Amino acid sequence: MMRKTFDTARAALTPTTRAALSPRNRVRAIAVTACVAASATAVPLAITNADATPTKPATTTTQTTQAAKAQGTGTGTASADKTTTTKTVQVKTAQAKQAQVKQAAQVKKAAQVKKAAASRGEHGNPVNGWVKPVDDYTLSASYAQAGARWAHKHSGQDFAVPTGTPVHAAHAGTVVEAGWGGAYGNNIVIKHDTGRYTQYAHLSAFKAQVGQKVNVGQQIALSGNTGNSSGPHLHFEVRNTPIYGSAIEPVHYLQTKGINL
C-alpha cells in the first residue's frame, strides 16, 4: 500500500518541478507527498473508528438505566410491602383493643347482673313486698335440725352475722312482742297481713317497740348473742301464731315470696 502511494506521489511531480529540484530534494518532495496522501487515506478510518467507539458506552448507559429502573422498581415494591405490613399491624392492634374493651364491658355487665341478683331481697330492694332479715350473712343451723343445743328440733333458720348487724322486718306489719324471750334472748315478733308471724331472736338491741307498725325492710333491731346462743347470729322464724311451737319451714316460705337465701 505504501509503495503504491509513493509511486503515485512521484508520478504527481510535474517535469518542471523535477527539473527545479535537486535529486535529494526531489526525493523529499515525493516522500512528503506520499505521506500526505497516506494521511488523507487514514483519517477517514480513524474518524470511522472514533464514531463507532461510543457504541459500547451507549449500550452500557442503556443497561445502567435499565438496572436503575429495575432497582427503583424493587425499592418501590419493598416500600409498598412495608406500608402494607404496617397497616396490617395497625388493624390487628385496633381489633385487639376493641376485643379487650368488649370483654371488659361483658365482665362488668356480668358483675352488675350478679350484684343485682345478689341484692334482690335486701332491705333496700324488696321482692313482692318481702326482704331478707339481714343483708350479709352465712346460713348456719337450719329448720328442723337436731342437736344437743336444742331441747327439741331447731325451729327456725340461723343467719351467722357479727353482733350489731342491722336486722330488718321481712314484711310490713305490727310489732306484737319486743323483749326477753327466754332461750331466744332478746326477741321481736311481728304480725303480718298474711296472717303469718315472723320472729327475730338473740338480739343485742331493739329499734322497734310493741304496737309499732313497721314497713318492709325497716330496721327493727341489731343482731347479737343473747339467750341460748353459741355465737353471734340471728334466729329467724315464720309462725302461724305469735308463740313458740307454731313455726313452719322459713326458707321455703320465703322462696314462695320470691326471696332466695
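Residues numbered from 1 in each chain as written. Predicted model: local features only at pLDDT ≥ 70, side-chain atom pairs only at ≥ 80, totals over all residues. Heavy atoms only, no water.

*Asks:* If you had to explain the overall build of the protein to someone new, which residues and values would you point to?
*Replies:* Scanning the protein from N- to C-terminus turns up five helices and ten strands. When burial is assessed residue by residue, the protein has 27% of its 261 residues classed as buried. Sequence-distant contacts, at least 24 apart, represent 58% of the contacts inside the protein between residues at least 6 apart. (Helix = DSSP H or I, 4+ residues; strand = E, 2+ residues; numbered from the N terminus. Buried < 20%, exposed > 50% of the residue type's maximum accessible area, 1.4 Å probe, protein only. Contact = heavy atoms within 4.5 Å.)

*Asks:* Report on the packing of aromatic side chains, specifying residues and quantitative values.
*Replies:* Each pair of aromatic rings is reported with the distance of its centres and the angle of its planes. All chains considered together, the criterion is met by five aromatic pairs. Both rings, one in Tyr137 and one in Phe159, keep their centres 5.1 Å apart while their planes meet at 80 degrees; by these two values the pair is edge-to-face. Note that Tyr137 is positioned in the loop between α4 (55-119) and β1 (138-139) and Phe159 in strand β2 (residues 157-160), a separation of 22 residues in sequence. Put simply, the rings of Tyr137, Phe159, Tyr200 and Phe236 pair up and form one aromatic cluster. (Phe/Tyr/Trp six-rings, centres within 6.5 Å; stacked < 30°, edge-to-face > 60°.)

*Asks:* Please give an account of the nonpolar core that cites residues and values.
*Replies:* Formed by 24 residues in total, the largest nonpolar core has its most connected members in Val167, Ile188, Ile190, Tyr200 and Ile220. Every element with two or more residues in this core is listed here: β5 (186-192), β6 (197-206), β8 (219-223), β9 (234-239) and α5 (250-256). Here this core takes three residues from β9, the largest share from any one element. What Ile190 contacts, discounting residues up to four positions off in sequence, is Ala169, Gly173, Thr174, Val175, Val176, Arg196, Tyr197, Thr198, Tyr200, Val214 and Ile220. (Core = buried A, V, L, I, M, F, W, Y, C linked by side-chain atoms within 4.5 Å.)

*Asks:* Could you give an account of the side chain of Asp158, with specific residues and numbers?
*Replies:* Within the secondary structure layout, Asp158 lies in strand β2. Within the structure, the side chain of Asp158 is placed 3.1 Å from the side chain of His235, a separation counted as a polar contact. Apart from the residues within four sequence positions on either side, Asp158 is in contact with Thr138, Leu139, Ser140, Ala141, His233, Leu234 and His235. (Polar contact = N/O pair within 3.5 Å; in protein donor to acceptor, adjacent residues only side chain to side chain.)

*Asks:* So what about unusual backbone geometry? Which residues, and what values?
*Replies:* One non-glycine residue, Asn128, lies in the positive phi region at around 55 degrees. Here Asn128 shows up in the loop between α4 and β1. Although it is not a glycine, Ala144 sits at a positive phi angle of roughly 70 degrees. The topology assignment puts Ala144 in the loop between β1 and β2. Residue classification places Ala144 among the partly exposed residues on the basis of a relative accessible area of 36%.

*Asks:* Describe the pairing of β2, listing the residues and the values that go with them.
*Replies:* Pairing of β1 with β2 involves two bridges; the strand directions are antiparallel. Of the residues in β2, the one forming a bridge with Thr138 is Ala160. (Pairing = 2+ DSSP bridges.)

*Asks:* Which residues make up the confidence of the model for the protein, and what values do they have?
*Replies:* Regions with low pLDDT carry predicted coordinates that are not meant to be interpreted in detail. Here the protein shows a mean pLDDT of 81. Residues at 70 or above account for 69%. Here residues 42-53 scores under 50 on pLDDT; set against residues more than four positions off or in separate chains, the count is zero contacts. (pLDDT = per-residue confidence, 0-100.)

*Asks:* Hey, could you go over the environment of Glu177 for me, with residue numbers and the actual values?
*Replies:* Along the chain, the position of Glu177 falls in strand β4 (residues 173-180). The class for Glu177 is partly exposed, based on a relative accessible area of 28%. Sequence-distant contacts of Glu177, defined by excluding residues within four places in its chain, comprise Asn187, Ile188, Val189, Val210 and Pro242.

*Asks:* I'd like a rundown of the pairing of β5, residues and numbers included.
*Replies:* Counting buried positions along β5 gives six out of seven residues, so the element sits mostly inside the fold. Note: β4 against β5, seven bridges, orientation antiparallel. Bridge pairing links Gly179 to Asn187 in β5. Between β4 and β5, which pair antiparallel one after the other, the connecting turn spans five residues, and Gly182 there sits at a positive phi close to 70 degrees. The pairing of β5 with β6 spans five bridges and is classified as antiparallel. Residue pairing for β6: Ile190 is matched across the bridge by Thr198.

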